[in-house]
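Coordinate analysis (summary)
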Amino acid sequence: MADRNDASPVSPEAAFPDKYIPRPQVRDLPEPPRDQWRLIGPGIVAAGVGLASGEFILFPYITSQVGLTFVWAALLGLVTQYFLNMEIERYTLATGETAVTGFSRLWKHWGLVFAIMAYFANLWPAWATSSATLITYAIGGDKSLIAVGILVLVALILTLAPAVYTALERAEMLKVAAIVLLIVIGCLFVIGAESWQALPTVVTEPGFPAAELGFAVLMGALAFAGAGGGQNLVQSNWIRDKGFGMGHYVPKIVSPLTGQSEARGQAGFIFPATEENLGRWKAWWRFANKEQLMTFVAITFLSIMFMSLLAYGTVFGHPGLENDVSFLRIEGEKMSETAGGWFGYFFWVVGAFSLFAAALGIVDYTSRLAADVLKTSYFPDASESKIYAILVWGLCIIGTVVIMAGMDQPLVLATIAACTGGVMMFIYSGLLIAINRKMLPAQIRISGVRLGALIWSIVLFGVLAVLTVHQQVGELLGG
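Residues numbered from 1 in each chain as written. Predicted model: local features only at pLDDT ≥ 70, side-chain atom pairs only at ≥ 80, totals over all residues. Heavy atoms only, no water.

1. As for the overall build of the protein
Note the threshold: Secondary structure is summarised from DSSP: a helix means a run of H or I of at least four residues, a strand means a run of E of at least two, and numbering begins at the N terminus for each. With C-alpha atoms as the basis for the radius of gyration, the globule rule is written as 2.2 Å multiplied by the number of residues raised to the power 0.38. Three exposure classes are used, based on accessible area relative to the maximum for each residue type with a 1.4 Å probe and protein chains only: buried under 20%, partly exposed in between, and exposed over 50%. The contact rule is simple, with two residues in contact once any of their heavy atoms fall within 4.5 Å.
Helices and strands together make up the secondary structure of the protein, namely 20 helices and 2 strands. The C-alpha radius of gyration of the protein comes to 22 Å, within 12% of the 23 Å expected for a compact globule of 479 residues. Oriented by its inertia axes, the alpha-carbon framework of the protein measures out at about 70 × 50 × 50 Å. Looking at the protein residue by residue over its 479 residues, the buried ones come to 58%. Looking at the protein alone, contacts between residues at least 24 apart form 84% of all its contacts between residues at least 6 apart.

So this is what it looks like as structure tokens:
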């Protein structure tokens with residue numbers, strides 16, 4: 001469709017600051033898809049990447065200590081992240097730019113701040129070592145060597161797949177299918193009548209058991225149910241690579257070895273607010289909201305609820321449980337006692353693959369976020385795909401070195417990892433309000449309930465950030 005530079009008396013690109021990044025091109029919004037099923041995927045990727053230690057360890061651990069009284073918090077956290085994700089998607093649907101690029105229009109280095117925070121938060125390869133640990137529970141072996149093999153495999157997949165997003169989406173869809181199978185079999189063989197009878201207490205007996213588990217742990221579980229930190233921001237990149245809205249006009253990240261790269265400019269696009277474009281916008285916005293709600297929110301909440309129910313049916317009240325990967329060993333052993341030895345091994349295998357797929361997504365979003373920032377704000381003539389590949393291998397090589405050296409996670413790095421998520425989400429909740437009210441056409445700006453949801457997000461993640469930073473700095477100084 002032809003570009004339209006004079007369709008409106010007020011040029012829509014004029015609202016975009018151009019001190020650091022050129023203004024977007026004016027172009028009509030693409031037609032929404034007739035076959036919407038083929039565009040479903042970014043929400044599944046978000047759910048797949050987010051279903052990691054929190055869903056496999058933290059919520060089941062909380063359930064093992066206090067029962068199902070805190071499962072409600074997962075839904076509150078997910079609904080908060082749903083509104084947050086949709087404001088990230090709003091900007092990208094309308095412009096083809098990532099939300100981070102929008103932030104960088106306000107101040108050049110916002111993107112770099114978020115990229116550095118995300119990179120340091122994921123520098124220590126806990127996601128790979130957790131997967132390797134579960135593999136050793138199932139089949140034995142050397143945890144360090146398996147973890148290194150996982151890192152190498154992750155790097156190869158992300159840099160050899162012709163279309164990186166497509167490979168990631170398929171892996172996360174397979175992970176979600178495996179978890180669904182685990183839940184179905186668990187419902188049949190592990191979850192007994194007593195556990196099913198306790199299920200209504202999720203609604204009838206909600207609680208906030210701070211006395212038993214601590215305020216910071218519960219707030220973290222609530223706030224990061226599903227995703228958190230830099231992952232939410234990369235919802236922009238994933239829907240853009242899938243071709244949502246104005247992302248249809250933006251080239252995808254491909255393998256520098258096996259893919260066909262296309263040049264991408266610094267700036268995106270914006271559409272004139274004609275009746276035709278606004279009609280298309282409503283269709284795109286309705287579809288994006290539905291996709292996120294039916295995939296990310298629904299899949300994640302059902303997974304948390306049933307993983308908690310499995311824990312309730314096997315390890316509720318069991319003494320001496322720890323809030324780390326060793327929890328899954330005891331849970332698997334109890335499942336073997338309940339349903340037969342095969343189920344414990346099946347649980348560990350699915351858990352190992354789940355954490356491997358999470359590792360794949362974590363390396364992807366960390367590198368994807370940084371590559372977008374470096375390409376857009378600092379190296380406009382460079383290949384984004386090549387920058388991405390370098391960052392992927394850099395993250396995996398660093399992880400390999402620390403694993404082979406047998407190093408424990410430095411306290412400073414652990415402190416950074418614990419603090420960054422809440423701090424990032426507090427800051428970008430406010431920045432999303434700024435870009436989605438200042439830059440977008442008046443007809444599609446954030447307002448009403450969604451504006452209130454982002455104000456709630458600022459409060460929630462602000463409180464979490466203060467609590468976590470205070471706790472972690474205290475431990476760092478004390479250590």
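2. Some details on the packing of helix α2 (residues 53-66) against helix α16 (residues 326-339)
For any two helices packed against each other, one specifies the crossing angle of their axes together with the interaxial distance. We apply this condition: For helices, the fitted line uses only the C-alpha atoms of the stretch in contact; every axis is such a line through C-alpha atoms, and the angle between N-to-C directions lies from 0 to 180 degrees. Here a crossing is taken to be left-handed if its near helix is turned anticlockwise relative to the far helix by less than a right angle, and right-handed if that turn runs clockwise. The residue classification treats Ala, Val, Leu, Ile, Met, Phe, Trp, Tyr, Cys and Pro as nonpolar and Asp, Glu, Lys and Arg as charged. All others, Gly included, are polar.
Their axes nearest at 10 Å, the elements α2 and α16 cross at an angle of 65 degrees. Both α2 and α16 take part in a crossing whose hand is left-handed. Between α2, through F56, I57, P60, Y61 and S64, and α16, the contact on the second element is made entirely by F327, L328 and E331. Each residue belonging to the contact of α2 with α16 can be placed in one class, and the counts come to 6 nonpolar, 1 polar and 1 charged.

3. Notes on the pattern of salt bridges
As a working rule, side chains carrying opposite charge can pair if their charged atoms are close by. Under the convention used in this document: For salt bridges, the criterion is a side-chain nitrogen of Lys or Arg within 4 Å of an Asp or Glu carboxyl oxygen.
By the definition in use, this model includes 12 salt bridges. The partner of R240 in a salt bridge is D372, and the shortest N-O contact between them spans 3.5 Å. With R240 in helix α14 (residues 235-242) and D372 in helix α17 (residues 341-378), this pair connects stretches of sequence that are 132 residues apart. Taking the relative accessible area as the measure of exposure, R240 reaches 5% and is therefore buried. Using a relative accessible area of 1% as the deciding quantity, one classes D372 as buried.

4. Section: the environment of V148
Residue position: V148 is located in helix α7 (residues 143-160). The exposure class of V148 is buried, given its relative accessible area of 15%. Between the C-alpha atom of V148 and that of I299, which follows or precedes it by 151 residues, the distance is 30 Å. When near neighbours in sequence (up to four residues on either side) are disregarded, V148 contacts T400, I403 and M404.

5. As for the nonpolar core
Where we set the bar: Think of a nonpolar core as a cluster: buried Ala, Val, Leu, Ile, Met, Phe, Trp, Tyr and Cys residues, connected wherever their side-chain atoms sit within 4.5 Å.
Ranked by size, the top nonpolar core spans 157 residues in total, and within it F103, V154, W238, Y428 and L432 carry the most contacts. Counting residues per element, this core draws most heavily on helix α15 (residues 275-315), at 19 residues. Excluding its chain neighbours within four sequence positions, the residues that come into contact with Y428 are L84, I88, F103, F114, G229, N232 and L233.

6. With respect to the packing of aromatic side chains
Counted only if it meets this: Between the rings of Phe, Tyr and Trp (Trp by its six-membered ring), a pair exists once the centres lie within 6.5 Å; its type follows the angle of the planes, with under 30 degrees stacked, over 60 edge-to-face, and the other angles tilted. In this analysis the charged atom, NZ for Lys or CZ for Arg, is taken to sit over a ring once it is within 6 Å of the ring centre and within 35 degrees of the ring normal.
Throughout the structure, instances matching the rule amount to 24 aromatic pairs. Through a chain of ring-to-ring contacts, three or more aromatic side chains come together here, namely F103, W107, W110, F114 and Y428. The residue whose ring lies beneath R27 is Y249, and the NZ or CZ to ring-centre distance is 3.8 Å.

7. Considering helix α5 (residues 110-121)
Cut-off, in case you're wondering: One less than the residue count of a helix, multiplied by 1.5 Å, gives the span that helix is expected to have.
Counted at 1.5 Å a residue, the expected span for α5 with its 12 residues is 16 Å, and the 17 Å between its end C-alpha atoms agrees. Looking at α5, one finds that the buried residues are G111, F114, A115, M117, A118 and Y119.

8. Brief notes about the side chain of S308
Inspection of the secondary structure assignment puts S308 in helix α15. You can call S308 buried: its relative accessible area is 0%. Leave out the neighbours within four places in its chain, and S308 touches F59, P60, T63, L68 and V71.

9. Considering a nonpolar patch on the surface
For the record, the criterion: For patches, a residue must show more than 30% relative accessible area and have no salt bridge; joins then use 9 Å for like charges and 5 Å for nonpolar side chains, namely Val, Leu, Ile, Met, Phe, Trp and Tyr. Per-residue and other accessible areas follow the Shrake-Rupley method at a 1.4 Å probe size, with only the shown protein chains counted as cover for residues.
Taken together, L76, F208, F215, I455, W456, V459 and V463 make up a surface patch of nonpolar side chains, about 570 Å² in accessible area. Considering every element that reaches the nonpolar patch, the biggest residue donor is helix α20 (residues 448-478), with 4 residues. Relative to the helices and strands, V463 is located in helix α20.

Everything listed here is a matter of geometry and, on its own, says nothing about what the molecule does.
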